[in-house]
Amino acid sequence: MTGFEYRVTTLRGDFSLKAEDSFEGAPVSMLFGPSGGGKSTLLRTLAGLERPREGKITLGDQVLVDTAAGVFVPARRRPVGLVFQGDALFPTMSVRANVGFGCARAERPGRVADTLALLGIEALADRFPRELSGGQLRRVAIARSLAPRPELLLLDEPFAGLDRPTRRALSGALREALSTLQIPAILVTHEREVALRMGDRLCVLIGGKLRQAGSLFSVLESPQDLEVARALGVETVVAGQILDRDEGLCRVRVAGVELLAVAPEGTGVEVAVAIRAEDVALETAEVSPRGSARNRLDAEVTSVDSEDALVRVHLDCGFPLAALITRLSAEALGVVPGARLRAVIKTPAIKLFARS
Amino acid sequence: MDLGALSLSLKLASLTTACLLLLGVPFAAWLAFRPRRLNALIEALASLPMVLPPTVLGYYLLVAFAPDSWLGRGFEALVGSRLAFSFAGLWLGSMIYSLPFALAPTLAAFRGLDRTLLEAAATLGAGPLRTFFRVVLPSAWPGVLAGAVLAFAHTMGEFGVVLMIGGNLPSETRTLSISLYDQMQSLDYDGASHTALLLLAISFLALSVTHGFGRRGAR
Amino acid sequence: MRAATRSVTLAALALASLVASGCGADSASAGVAPAPVVTRVIAASDLRFAFDELLDTRFRSDHPECDVQVSYGSSGQAFSQLSEGAPFDLFLSADIDYATRLVESGHALRGSVFPYARGRLVLWAKRDAGLGVGERGAAALMDERVRHIAIANPEHAPYGRAAEAALRSLGLYDALSAKLVRGANVAQTASLVESGSAEIGIVALSLAKAPSMRSGDVFELPLTSYPALRQGGVVILGHPGQRCAQSLADFMQTEPARHVLAGWGFLPWAGER
């Protein structure tokens, strides 16, 4: 199995979906985007449960769909596995029977044993779905789709409804299984955290269009447009005007404050300024700095949200700004509403998008 | 108690139920899993006998299968006897009259299935037959059985259609319900009350069984 | 499932005990003689008790080769069924005209039409109803306690036609027609009165003599008030039991048969008008 490639267009009532992507090898791709964006539809189309209006899907040497040539391989003949959002385990069958369902009779016992071991659920072999917990059900569903050794695995929100420790354990087990079997996977999620934590590749699907696909870090570093940036969790987006440009950099005025940023393409003056909370550091106001950061803004803390080991701080620098820092730092700096601090933003961290 | 009538009724009900299972289950599967715009119309037609007065059904059967009609000739060629005054005629009447009773619970059970289960089976390489026997039936069998039991009980108690087309021939078309009618006319109230009690017990048995399976299916 | 299992078991037990208890031997058991021929008789319902006695006392023992099975109904209904080819071998009608018409339509054996009795019409009401039918006769029909008067359906029951004619000739039809309820045949009519659905009825004398009708008062309507109930039978063509049917037809015209019929209230009738 060398590569996977697809290009599909689908119409469902008012909703239209247009997506294309390709990869080689066995990466884990996260298909990410807000709810209602068409992710499940795309997954089902790749699985063969829905027919695209127009498009082509090839897996290795096999052409699964080619509307121009009238080719459509139905789901049951595609070497593609699908893990459903609700698990969809067969309630009247044991775990063993479920997992072995897609295997040829001769291979069944061996495959079942191997796959159960791979997912760490050998002990559950003779239990029934109604006796299992959420995390266990998910593992069984994954095992069932992996047992027939598909050439591509699709997963629809596999972490939905699981608590954090269960998720961590499951994502570890899943990654290991996929890596051992060298099976590429496409994983749908609407949760930013899941998308950003797991995965080698990131595909952003918004409003029925696949906006950007590529390696995780390349997408995160260079979101294609504002909507993608927003979807990826850029917290601060404000309007600004470019004052001047010089050698690839530019000065931008945002609500009376000046920032130094990398100049965007084009010559427009009106821009949207996007800053990720992760890229904002805080320091006390007295420090006279001599560092590389060019953007130091006086800020007042308006509110503080605690998130485990991190703290999200909302500031007013003349415009609303969010910073994500460690709890330790927050305590050391005395971050409470009303405190006066300085926000520090690296120039490359300020993303400008031309406004039309 | 007319044992001949009892055995005739049992024979008729068993044969009708067996045939309805054989034909009705695929029909219900076809209606449930291959939705088409025509489905509503087909379902209405199949359910029609439930609201149709039995005498109307009997009348139309007699007219449609009159000895000189092509339906009647075909029936005689296939089965060896005419529709009227024969067990085969009762069987046909019962098939039509009890069809909705067999169909409704089966159809409901099939429709109540989680569709993603069927899709999951497809992604795992199962064709329609394998999916039906390994995924659909194991979950839906209470509904199928309820349909069979209802069809059986309904046929046991059938009166109007049998009266219209049967002719009250002992050992051939005198079913238990006709026998009861006869006993009333003979003023044989003892016999009548035994027969009535038996029919009542059968209906009650059928209901208990279907309720038991209804609860099982809901779990 | 437990509650359901319990009720299922109870119902099954009820069913089983019922079948076991209700086993009074009823249907005619197959005779000792090899393979008796099934002979199907369709008879007017006024013959219910009389004909059963006829068969049991003489015919069955004399003719073990014939397995006689009887269905009862109104003569008109029998006529229409026979016209459609219903598989009977012998027709005993309460109106000999039906029998004759079947010969003309080719369904019955020419020359086999035979008379067997003349029927009689009676008023019948339960003694407990206190209508005093025995003393008052037809006047009891006008009693204000009478809400429903049962007669057989004149459309296809000869006894019903006769009842209607009797009411007319007695001048009571217009006054009472609104209260008439019609039974499918004269036996069902009798059960309508016996069960209390109708307070009074006009039925066959042969039925009024049945043991289960002993709870009633009887008044015979004058023979002149209705056209004679000329009862006759005929052998039906085209079905295997024809020979036995002929034997039965012959038997119906013998002296012992007439004797039994007379005991049930039938008048002898040899075919004269």
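Here is a short report on the structure shown in this document. (Residues numbered from 1 in each chain as written. Chains lettered and ligands numbered in written order. Predicted model: local features only at pLDDT ≥ 70, side-chain atom pairs only at ≥ 80, totals over all residues. Heavy atoms only, no water.)

1. Considerations on the side chain of Asn 153 of chain C
Residue and element names in this part refer to chain C.
Turning to step 1, where the next piece is worked out: With respect to the helices, strands and loops of the structure, Asn 153 is situated in the loop between strand S6 (149–152) and helix H6 (158–169).
Turning to step 2, where the next piece is worked out: Classification of Asn 153 by relative accessible area gives buried; the value is 18%.
Turning to step 3, where the next piece is worked out: Within the local environment of Asn 153, its side chain forms a polar contact with the backbone nitrogen of Glu 155, the two atoms lying 3.0 Å apart.
Turning to step 4, where the next piece is worked out: Those residues within four positions of Asn 153 in sequence are excluded, and the remaining contacts are Gly 160, Arg 182 and Gly 183. (Helix = DSSP H or I, 4+ residues; strand = E, 2+ residues; numbered from the N terminus. Buried < 20%, exposed > 50% of the residue type's maximum accessible area, 1.4 Å probe, protein only. Polar contact = N/O pair within 3.5 Å; in protein donor to acceptor, adjacent residues only side chain to side chain. Contact = heavy atoms within 4.5 Å.)

2. Notes on the interface of chain A and chain B
Turning to step 1, where the next piece is worked out: The interface of chain A with chain B comprises 19 residues on the first partner and 17 residues on the second.
Turning to step 2, where the next piece is worked out: Carbon and sulfur atoms make up 66% of the surface buried where chain A meets chain B, a total of about 1500 Å² over both sides.
Turning to step 3, where the next piece is worked out: Ranking the residues of chain A by area buried against chain B places Arg 76, Phe 90 and Phe 101 of chain A at the top, with a combined share of 37%.
Turning to step 4, where the next piece is worked out: Counting every contact that joins chain A to chain B gives one salt bridge.
Turning to step 5, where the next piece is worked out: On the surface where chain A and chain B come into contact, there are three residue pairs in polar contact (both at pLDDT 80 or more).
Turning to step 6, where the next piece is worked out: Secondary structure elements with two or more residues in the side of chain A that touches chain B: strand S7 (80–83) and helix H4 (134–146) of chain A.
Turning to step 7, where the next piece is worked out: When grouped by side-chain class, the residues that make up the side of chain A that touches chain B number 12 nonpolar, three polar and four charged. (Buried area = accessible area lost by both parts, 1.4 Å probe. Salt bridge = Lys/Arg side-chain N within 4 Å of Asp/Glu carboxyl O. Nonpolar A, V, L, I, M, F, W, Y, C, P; charged D, E, K, R; others polar.)

3. Section: the sheet that holds strand S18 (residues 310–316) of chain A
Residues and elements named next belong to chain A.
Turning to step 1, where the next piece is worked out: If you walk across this open sheet you meet the five strands as S16-S20-S17-S18-S19, and the pairing is antiparallel. Two strands close off the open sheet at either side, each with one partner strand: strand S16 (280–284) and strand S19 (320–326). Pairwise comparison of adjacent strand axes, ignoring direction, gives a mean angle of 45° for this sheet.
Turning to step 2, where the next piece is worked out: Examined bridge by bridge, strand S17 (residues 295–307) and S18 share seven bridges and lie antiparallel to one another. Residue pairing for S18: Asp 305 is matched across the bridge by Arg 312. (Pairing = 2+ DSSP bridges. Axes fitted to C-alpha atoms, helices over the stretch in contact; angles between N-to-C directions.)

4. Re the packing of helix H1 (residues 3–33) of chain B against helix H7 (residues 128–157) of chain B
Residue and element names in this part refer to chain B.
Turning to step 1, where the next piece is worked out: Two elements in contact, H1 and H7, have axes whose closest approach is 9 Å; the angle formed by their N-to-C orientations is 140°. Our classification of the angle between H1 and H7 gives oblique. Relative to H7, the crossing made by H1 is right-handed. For the pair H1 and H7, the contacting residues are Ser 9, Leu 10, Leu 12, Ala 13, Ser 14, Thr 16, Thr 17, Leu 20, Leu 21, Val 25, Ala 29 and Phe 33 in the first and Phe 132, Val 136, Val 144, Ala 148, Ala 151, Phe 152, Thr 155 and Met 156 in the second. (Parallel < 35°, antiparallel > 145°, perpendicular 65-115°, else oblique. Left-handed = near helix turned anticlockwise from the far one by under 90°.)

5. Overview of the state of the cysteines
Turning to step 1, where the next piece is worked out: By the definition in use, this model includes one disulfide over all chains.
Turning to step 2, where the next piece is worked out: With a sulfur-sulfur separation of 1.9 Å, Cys 66 of chain C is cross-linked through a disulfide to Cys 244 of chain C. Looking along the S-S bond of the Cys 66 of chain C-Cys 244 of chain C disulfide, the torsion reads about -85°, which is the left-handed sense. Taken together, the residues span a long stretch of sequence, with Cys 66 of chain C in strand S2 (residues 66–73) and Cys 244 of chain C in helix H10 (residues 242–252) at a distance of 178 residues. Like Cys 244 of chain C, Cys 66 of chain C is buried.
Turning to step 3, where the next piece is worked out: The thiol of Cys 317 of chain A is unpaired, and the distance to the nearest cysteine sulfur, on Cys 250 of chain A, comes to 18 Å.
Turning to step 4, where the next piece is worked out: For Cys 317 of chain A, a relative accessible area of 6% corresponds to the buried category. (Disulfide = S-S within 2.5 Å.)

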